[in-house]
Amino acid sequence: MQRQTSIGRIAGLLLAASLAVGNLFAWHGWHQPEAAPAAQGPVAGLAYNAFQRWDSPIERKYPGNDSISADLGMLSGLTRRIRTYSSSEFPDLPSLAAQHGIKVTAGVWLDGRELEDRKEIEAVKEAVRLNRNIERVIVGNETLLHGSLGIDELVAHLKELRRALRVPVSTAEPWHIWMRYPELAKNVDYIAVHLLPYWEGVPSDVAVEYAMDRYEQIKARFPNKHVVIGEIGWPSRGDRLTRNGSTATASPLEQARFTREFLARVKGKPVDYFVMEAIDQPWKANNEGRVGAYWGLFHADRTPKFELDGPVAPDRYWEIKAALASLLGFVAMAWFATRFGRLRLASRAVYCVALQGVASFAVWLLAVPFDHYLRPADWMALAVLVPTLGLMVSIVLANGFEFVEMFWRGNLRRQFHPKPLRAGAPEPKVSLHLACCNEPPEMVIATLRSLARLDWTHYEVVVVDNNTKDPALWEPVRDWVDRLGDPRFRFFHLPKWPGFKAGALNFALEQTAADADIVGVVDADYIVRPDWLRSNVAHFEDAQVAVVQSPQAHRAWERHPFRRMMNFEYDGFFRIGMHHRNERDAIIQHGTMTLIRARALRSLGRWSEWTICEDAELGLRLMKAGLRTVYVDRVMGEGLTPDDFAQFRKQRRRWAQGAMQIMKAHAGALLGGGSLTPAQRYHFVSGWLPWIGDALHLVFTFGAMAWTIALLAAPVQFTYPITLYMVPLVAFFGVRALLGPLLYARRVRCSPLETLGAALAGMGLSHAIGLGVFAGLAQREGVFEITAKGAKAGAARPAGSSFGGVREEALLFAGLASCAAGVLLTRQPGHLESALWLVVLGLQAFPYAAALVCAALARLPESPLTAAEPVRVPERTGARTVAAPRRAAGAAGAAGAAGEGWGGAVMQRAVLPPSGPGR
């Protein structure tokens, strides 16, 4: 055994190492350098803004002369000419440039504010008078393009400075503005044209050719004017931009390729130009959108983005990122592959791949603040998205662990089956407790009839009806017990009793026979198999066993579409989630079909009346006491599904609220203290993470709508989230949507259509679960709301049910749909970020749409019953069913509703097993 363990550990380490190395090769393949023309030699000119990383003219934060001089010293090794944009902001810049042998084309910033414009004009006059290295002046930058001044006003300023200055004067505009206003050329000494193909949506691979065509077009249009390319360049980051059917993409690789191709194209030719721009200017994102910050050849920290010769790498630091990702991945994979060496190789390999993927994603995410200049709005998005993504990763890893353990057969070691008593062993006495409140009497009586048929001698049944005001509901049950005449059956009516179901069960415990060894709990709608006790009680021969749990199952659902969906929604947990938890003795105890050691129940303080999920809380306390649980996946009883979607969502909201009550009360034990094993703590915390995710889904819904409104109202200040943030959101839903059906196909034995229906039913619960989570976290106490069962399917219900119960979902769906419509109407064709945002909004809206569909389906009537129609019968283990002929239609329908028949099976929300307690 020790040798096998060592071999398993070595195999796990080899698996982790091989995948980590494979990750390095994958990063290498994604970051292959590309060839680009060499562009050695000086650059004719650079557009230069002196602002440092945290400076901004908007906030009036300016760099000092020392910083400017350092910049100019750095740039002097690349060029001997710069172009500036303002003369009043940096009056000493020309003299500093002269110290480094750099000539200046001085800019005059005009924005239509008369006093500020005059200040700029006077500043450039003074600068030209004092600095002989100013060789030209540019008056206004894209002034006509942005409408800052009219052409007459601009011409007036040009005329004034042409008269006052000894150097050539012009203004700078894109090529199409010069073509539109040919009269402008009559008032300048030369043409300063901007050629920025990115803004026109021109792909980078043809952008240089396009720019030079426009350059030649301008030269031909104004043959008697010297043409200076005032700006030409490409951004290293930013949104994809589509114009006229073509798309421009901003990336480090494309910036390097465009710049080097252009420099190689004009080398040795009489082309006068300024590359846009010398150094990244993060402040420009406030005026030009995210892309405005990334036009520099140098980062804002003054490090170069790329070399001017040799291959061009898409990411200069990919080797560091790849090494870090592989190192993190190896540590996680090595731990998992050795710790869970009992799992089949395929299981370990798939999960290790997931761990390595998460490690790579984490490195990418951590690099975002280093690769991007985040604005306050971006930091806001980051503050919301990073915790959300962290939770999503945790949920995916938890779901992934469940998947790899449950998908491949042979991974489970801790499995239990029906266990008869040893020959000659005495029957332990069992006290069965049935709590009911406002239940249909015929339903409760059907349950009692099934208990009367148990194949067991030493048992009693304690029926406690608490807080039912209508005598028509509880008196028939009392009368039936009286007519039965069996002293083992006792009925109690408590007109006003505290503690909800837990209070009733504690009262029943007080009435329990002193010699009872085992307490069983059955819900009022369950029809129990005669062999329930005989098949399970023997597990208590192990003195450490405190709970023996049978699965929940349902009946009378086959002829109604939504009840069928609910049935299979429940079933996934008992076919998948409970087995996964049982492997590490961490099952959720349920408030029906459960057997409990009476001594343990009494000694640990009975049922907790402070929580509305007393069943799951008791199971957790028993585990904390070091006792064990047993899950026998054999259907021993079947209940009824909730009447409609309103009751379904009310039940799940209560479960979520109770789960949060339990997490708060037992936080110390769940987070590391007490006697729970690490595996038990893991299952209780990770099992409820998806419900916390539903709560965050609600928060993110409001955040997504607010963000959409902001980016539609102020598109410069608010832009679409970075692609790296949105892709994981889409991938999260995709992975979960893939894992669920695969597990269902392997474990639940339902049709693809039934799997889809169960997924839809579970997804529709998201909003209710989110509300339950918030209620559980915010409120100290909750109200135990009874789930209505037993009504005819499709029957009219009071206001607040069905459609009335999904008003909030309808409003949220309408809000998200309106936001999506706004994005759709304003987005540029081919724009990746807006397309991804539409997908995100759609995914956000899907649970609310699912709730609306479920509410509609719940209102449909049952399909007619035919004599030849098959019925599911309980000869099964897990979800396996056998078809048997139905009885006559009338008898079968009545028996099914009242609980005199058999049938059923059961699934979970979002196609993944729910981890909540239930009644």
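What you see is a predicted model; the values in this text were computed from it and never measured.

Rules of the game
Residues numbered from 1 in each chain as written. Predicted model: local features only at pLDDT ≥ 70, side-chain atom pairs only at ≥ 80, totals over all residues. Heavy atoms only, no water. Helix = DSSP H or I, 4+ residues; strand = E, 2+ residues; numbered from the N terminus. Buried < 20%, exposed > 50% of the residue type's maximum accessible area, 1.4 Å probe, protein only. Areas by Shrake-Rupley, 256 points an atom, 1.4 Å probe, with all protein chains shown as cover. Contact = heavy atoms within 4.5 Å. Axes fitted to C-alpha atoms, helices over the stretch in contact; angles between N-to-C directions. Left-handed = near helix turned anticlockwise from the far one by under 90°. Nonpolar A, V, L, I, M, F, W, Y, C, P; charged D, E, K, R; others polar. Phe/Tyr/Trp six-rings, centres within 6.5 Å; stacked < 30°, edge-to-face > 60°. Lys NZ or Arg CZ within 6 Å of the ring centre and 35° of its normal. Pairing = 2+ DSSP bridges. Right-handed = clockwise from strand over helix to strand, strands pointing away.

Peer 1: I'd like to hear about the overall build of the protein chain, residue by residue, with values.
Peer 2: Helices and strands together make up the secondary structure of the protein chain, namely 29 helices and 22 strands. The 919 residues of the protein chain split such that 58% are buried. For the protein chain, the exposed surface amounts to about 36,300 Å²; the carbon and sulfur share of it is 60%.

Peer 1: I'd love a proper account of the environment of Ile 518, names of residues and values included.
Peer 2: With respect to the helices and strands, Ile 518 occurs in strand β14 (residues 518-521). For Ile 518, a relative accessible area of 2% corresponds to the buried category. For Ile 518 and Tyr 459, which are 59 residues apart along the polypeptide, the C-alpha to C-alpha distance reads 9.2 Å. Residue contacts for Ile 518: discarding those within four places in its chain leaves Pro 428, Lys 429, Val 430, Ser 431, Val 537, Phe 540, Leu 595, Ile 596 and Ala 598.

Peer 1: Lay out the packing of helix α23 (residues 678-713) against helix α27 (residues 807-826) in plain terms, naming residues and giving numbers.
Peer 2: When two helices pack together, their arrangement is given by the angle between the helix axes and by the axis-to-axis distance. Viewed as axis vectors pointing N to C, α23 and α27 meet at an angle of 30°, and their least axial separation amounts to 10 Å. Pair α23 / α27 crosses with left-handed handedness. Here Leu 698, Thr 701, Phe 702, Met 705, Thr 708 and Leu 712 of α23 come into contact with α27, specifically with Leu 812, Gly 815, Leu 816, Cys 819, Gly 822, Val 823 and Thr 826. Considered class by class, the residues forming the contact of α23 with α27 number eight nonpolar, five polar and no charged.

Peer 1: Explain the packing of aromatic side chains residue by residue, including any values.
Peer 2: When we look at a pair of aromatic rings, we describe it by the centre distance and by the angle of the planes. A complete count under the given rule lists 38 aromatic pairs for this structure. Residues Trp 178 and Phe 222 carry aromatic rings whose centres are separated by 6.4 Å and whose planes lie at 75° to one another, so their mutual orientation is edge-to-face. Here Trp 178, found in helix α7 (residues 175-180), pairs with Phe 222, found in the loop between α8 (204-221) and β7 (226-232); they are 44 residues apart in sequence, far enough to count as distant. Each member of the pair, Trp 178 as well as Phe 222, is classed as buried. An aromatic cluster of at least three residues, connected via ring pairs, comprises Trp 335, Phe 336, Phe 340, Tyr 351, Phe 401 and Tyr 682. In this structure, Arg 214 packs its charged tip against the face of Tyr 210, placed 4.7 Å from the ring centre.

Peer 1: Quick rundown of the side chain of Ser 56? Include the residues and the values.
Peer 2: Along the chain, the position of Ser 56 falls in the loop between β1 (46-47) and α2 (65-75). Here Ser 56 falls in the buried class, since its relative accessible area comes to 4%. With near-sequence residues (within four places) excluded, Ser 56 lies in contact with Phe 51, Lys 61 and Trp 283.

Peer 1: Summarise the pairing of strand β3 (residues 103-108); cite the residues concerned and give the values.
Peer 2: Two faces make up the sheet, and in a regular strand the side chains alternate between them. Burial of β3 is extensive: five of the six residues sit out of reach of the surface. As paired strands, strand β2 (residues 81-83) and β3 are joined by three bridges and run parallel to one another. Among the inter-strand pairings, Ile 82 is bridged to a residue of β3, identified as Val 104. Once you follow β2 into helix α3 (residues 93-99) and on to β3, the crossover reads as right-handed. In this structure, β3 lies alongside strand β4 (residues 134-141), joined through five bridges in parallel fashion. The residue bridging Ala 106 from the neighbouring strand is Val 137, located in β4. Crossover handedness for the path β3 to helix α4 (residues 114-130) to β4: right-handed.

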